[in-house]
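Coordinate analysis (summary)
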Amino acid sequence: MSAVLVRVESGVQRITLNRPERLNAFNLEMHAGLAAALEEAERDASIRALLVTGSGRGFCAGADLAERDMKPGSAIDLGESLERRYNPLVKRMRALPKPIVCAVNGVAAGAGANFALACDLTLAARSASFIQAFVKIGLVPDCGGTWFLPRLAGLQRAMGLAMTGERLSAEEAERCGVIWKCVADGELLPEAEKLALALAQGPTRTLGLIKKAVYSSTGNSLEAQLDVERDLQREVGKGEDYREGVAAFREKRAPKFTGK
Ligand code: LHQ
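**Structural notes on the nonpolar core**
Core analysis: the largest hydrophobic core is formed by 61 residues, its most contacted members being F26, L34, F59, V104, F115, F130 and V178. Per-element accounting of this core gives the leading share, six residues, to helix α3 (residues 111-118). If we skip the residues at most four places from it in the chain, F26 touches R19, H31, L34, C60, G62, A63, D64, Y86, L89, A111, G112 and F115.

This is the structure in structure tokens:
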């Protein structure tokens, strides 16, 4: 079985992490599968939203610790692994001008937790949880964790989660703004699918620019961000979806966005 399952339906590319016996821990094959899926999403205009989830009882337990060579004297360069695989993955997800919904179906630990936070809208099942497990094996959070957590949850909570490796429940993650929504276990996939489908039928170009605007705000002053909004609004204001949106409003009907 492939480490990553990919299927496209109704404009939604569904990516399922598929190493359930290892709680979907990342290995080389999984990285290759994710890179291929993102490449397809970048290239294929018929894909207008992505949905990421995990198979089995876990979402993703981070880097595969079983496959690592820990023999004394072995030259391990974890930085290289980040440079070659994890960092490009996160950068690519953030740069993709299409929404990425994440359905966290179970435990998300280490790089698995931060991979979930690298998505644009993260939903989690009530029984799911997030663990910055790195410290327990003597590592610092990676995969964007030290950037996402302070911004989502504040410095103190980010520090506490990173330094203790304490488990954050899905309910608490929703309460403190780390994720979009916590839903009943049985509702996770239906809710995530509904959201991804609605986004896939949305004004795709605009959604891509909303993503760009919101993420660029984190490094901008209000003045600079107002300029970003002016420029992006100028661009979408010339688009077909804006015309369709206004026409649909006036005609009291649902808009039919083409994504252009
Ligand atoms: C696993 C794993 C796993 C392999 C569970 N690997 N098998 C690091 C270095 C380099 C560059 C890039 O970045 C990173 C980033 C990182 O992600 S470092 C952090 C790596 N992840 C962890 O430290 C988490 C390790 N896992 C756990 O702490 C637990 O498994 C959690 C809390 C996730 C789940 O606990 P349980 O629900 O009690 O499940 P379990 O521990 O029994 O795991 C089930 C199976 O999955 C088990 O295999 P087995 O054959 O005994 O049934 C585990 O060995 C395997 N597994 N995580 N990361």
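**Concerning the environment of P97**
Mapped onto the fold, P97 is located in the loop between α2 (78-95) and β5 (100-104). The class for P97 is partly exposed, based on a relative accessible area of 49%. Note: C-alpha distance between P97 and A192 (95 residues apart in sequence) is 19 Å. If sequence neighbours within four positions are ignored, P97 has contacts with T204 and G208.

**A word on the pattern of salt bridges**
Considering all chains together, one arrives at 19 salt bridges under this definition. A salt bridge links E67 to R19; its shortest N-O distance comes to 3.6 Å. Of this pair, E67 sits in the loop between β4 (58-60) and α2 while R19 sits in the loop between β2 (12-17) and α1 (28-43), and the two are 48 residues apart along the sequence. Linking R253 and E251 is a salt bridge whose minimum nitrogen-to-oxygen distance equals 2.7 Å. Connected via shared salt-bridge partners are R19, R22, D64 and E67.

**A short note on the pairing of strand β1 (residues 4-9)**
Here six bridges tie β1 to β2, and the two strands are oriented antiparallel to one another. Paired with V4 across the strands is L17, a residue of β2. Taken together, β1 and the strand that follows it, β2, pair antiparallel across an intervening segment of two residues, in which S10 is found at a positive phi of about 50 degrees.

**Some points on the layout of surface pockets**
Each pocket or cavity is described by its volume, and for the largest pocket that value is around 710 Å³. Lining the largest pocket are 32 residues, with A63, R68, L78, S81 and Y86 sitting closest to its centre. Those elements that place two or more of their residues in the lining of the largest pocket are α1 and α2. When residues of the lining of the largest pocket are assigned to their parent elements, the largest contribution, seven residues, is made by α2. In terms of residue class, the lining of the largest pocket is built from 17 nonpolar, five polar and ten charged. Looking at the second largest pocket, it is lined by 22 residues, and the ones nearest its centre are C119, D120, L121, V214 and Y215. Breaking the lining of the second largest pocket down by element, the ones donating at least two residues are β7 (121-125), α4 (145-153) and α8 (204-217). Of the residues in the lining of the second largest pocket, the class split is 15 nonpolar, three polar and four charged.

Thresholds, definitions, all that
- Residues numbered from 1 in each chain as written.
- Predicted model: local features only at pLDDT ≥ 70, side-chain atom pairs only at ≥ 80, totals over all residues.
- Heavy atoms only, no water.
- Core = buried A, V, L, I, M, F, W, Y, C linked by side-chain atoms within 4.5 Å.
- Buried < 20%, exposed > 50% of the residue type's maximum accessible area, 1.4 Å probe, protein only.
- Helix = DSSP H or I, 4+ residues; strand = E, 2+ residues; numbered from the N terminus.
- Contact = heavy atoms within 4.5 Å.
- Salt bridge = Lys/Arg side-chain N within 4 Å of Asp/Glu carboxyl O.
- Pairing = 2+ DSSP bridges.
- 1 Å grid on protein atoms, 1.4 Å probe; cavity = no way out; pocket = protein on both sides within 12 Å on 5 of 7 lines; lining within 4 Å.
- Points joined across faces, edges and corners; volume = space filled by probe spheres on them.
- Nonpolar A, V, L, I, M, F, W, Y, C, P; charged D, E, K, R; others polar.

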